[in-house]
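# Notes for the structure review
If you want the building blocks of each chain, they are given just below.
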Amino acid sequence: MKIVIPGGTGQVGGVLTRALRAAGHDVVIISRSAGVRWDGHTLGRWAEQIDGADVVINLAGRSVSCRYTAENLRQMMRSRIDSARVVGEAIAKADNPPAVWLQMSTATIYAHRFDAANDEETGVIGGREPDVPGYWAYSVEIAKRWEAELDEADTPGTRKVALRSAMVMSPDRGGVFDYLSWLARLGLGGPVAGGRQYVSWIHDDDFVRAVALLIREPIAGPVNLAAPGPVPQREFMRDLRQAWNVPVGLPATRWMAGLGAFALRTDTELLLKSRRVVPGRLTEAGFEFHFPNWREAAQNLAERRR
């Protein structure tokens, strides 16, 4: 198959590209910096790659690993909305449109909660939770508008799936597992603000296999790409420390997490929001996770990184 991946130069794009090419597919990357070039918001020659392609997987959007300033949040919003809109325009104009459009979304769309897990049918969309920073609602709004561009695109011949992805864990340098492992190996991987907040994640092997299932099966709409075992942050970091044979992780209060996030040019929402997300639709489709539990996943990832 010919698979086109706008925004495919990041960690997730690298994971998918390696696996899809290894499986014998023709993968075309569209980005600002490599492969076929685009600007992310206007039609151009790049759209010729979509005409006749079998699958489009749109991963484009500004990284969330940054300070959540007003300007950065606006850039996150615009980069996601614009890229989804223009990919939809390219598909709509294609003489031979792709059969499938997988559009990246995020598990952040769900509410910050501890009481129950969020699946696609009964999950609570966030934005109105009490006692959380106001700008967390903006992150949810970004996700909602991202998916709205997918829903509103006039592409009747193309099946559309919103990938509500949790953190994709791979041993690649610069990815989230690399960053968290660095903290753990420094002895800083303890509970943050008590560590009750849930962490949702998915192993890169399962992420790739789930994408393959969504390409071949007639599933449309939002799909949670997350392992069935989200865990509280204190347990998540404990298992990660064990994978690296680090016995102790220093705890951090909320204000300490704020200082650390400031120093690392990221934001505390990534540490403090409770993302308790489970894969309802994947489970219904019969998907079997190779790594349903974080402890085994962390061990595997650490061994591969070594």
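Notes on the structure in this doc start here. Worth saying up front: this structure is predicted, and the values here are computed from it rather than measured.

This part takes up the packing of helix α2 (residues 70-93) against helix α3 (residues 135-152). Here α2 crosses α3 at 10°, and the two axes come no closer than 8 Å. As judged from the angle between their axes, α2 and α3 are roughly parallel. Counting all contacts with α2, which are made through L73, R74, M76, M77, R80, I81, A84 and R85, the residues of α3 involved are Y135, Y138, E141, I142, R145, W146 and E149.

Of all hydrophobic cores here, the largest spans 33 residues; its most connected members are I5, L16, I57, L102, L214, L225 and L282. Broken down by secondary-structure element, the contributors of at least two residues to this core are β1 (2-6), α1 (11-22), β2 (26-31), β4 (55-58), β5 (100-104), β6 (159-165), α5 (204-216) and β10 (221-225). Looking at this core element by element, the count peaks at seven residues for α5. Beyond its immediate stretch of four places on either side in the chain, I57 contacts I3, V4, I5, P6, L16, L20, L102 and V211.

Counted under the stated rule, the structure contains five aromatic pairs. Seen from their ring centres, F287 and F289 are 4.8 Å apart, and the 90° between their planes marks the pair as edge-to-face. Relative accessible area serves as the criterion here: at 14%, F289 is assigned to the buried category. A connected cluster of aromatic rings, assembled from ring pairs, spans W201, F236 and W294. If you follow R185 out to its NZ or CZ, it ends over the ring of W244, 4.1 Å from the centre. One residue, R196, lies across the ring of F114, its end atom 4.1 Å from the ring centre.

The next point concerns a nonpolar patch on the surface. There is a patch of nonpolar side chains on the surface, built from W182, L186, L188, V248 and L250 and spanning about 500 Å² of accessible area. Mapped onto the fold, V248 is located in the loop between α6 (233-243) and α7 (254-263).

A word on the pattern of salt bridges. Taken as a whole, this structure holds 14 salt bridges when the rule is applied. Here R78 makes a salt bridge to D82, at a shortest N to O gap of 2.8 Å. Separated by four residues within a single helix, R78 and D82 lie in helix α2, roughly one turn from each other. What makes D82 buried here is its relative accessible area of 15%.

Basis of the calculations
Residues numbered from 1 in each chain as written. Predicted model: local features only at pLDDT ≥ 70, side-chain atom pairs only at ≥ 80, totals over all residues. Heavy atoms only, no water. Axes fitted to C-alpha atoms, helices over the stretch in contact; angles between N-to-C directions. Helix = DSSP H or I, 4+ residues; strand = E, 2+ residues; numbered from the N terminus. Parallel < 35°, antiparallel > 145°, perpendicular 65-115°, else oblique. Contact = heavy atoms within 4.5 Å. Core = buried A, V, L, I, M, F, W, Y, C linked by side-chain atoms within 4.5 Å. Buried < 20%, exposed > 50% of the residue type's maximum accessible area, 1.4 Å probe, protein only. Phe/Tyr/Trp six-rings, centres within 6.5 Å; stacked < 30°, edge-to-face > 60°. Lys NZ or Arg CZ within 6 Å of the ring centre and 35° of its normal. Patch = residues over 30% accessible without salt bridge, like charges linked within 9 Å, V, L, I, M, F, W, Y side chains within 5 Å. Areas by Shrake-Rupley, 256 points an atom, 1.4 Å probe, with all protein chains shown as cover. Salt bridge = Lys/Arg side-chain N within 4 Å of Asp/Glu carboxyl O.

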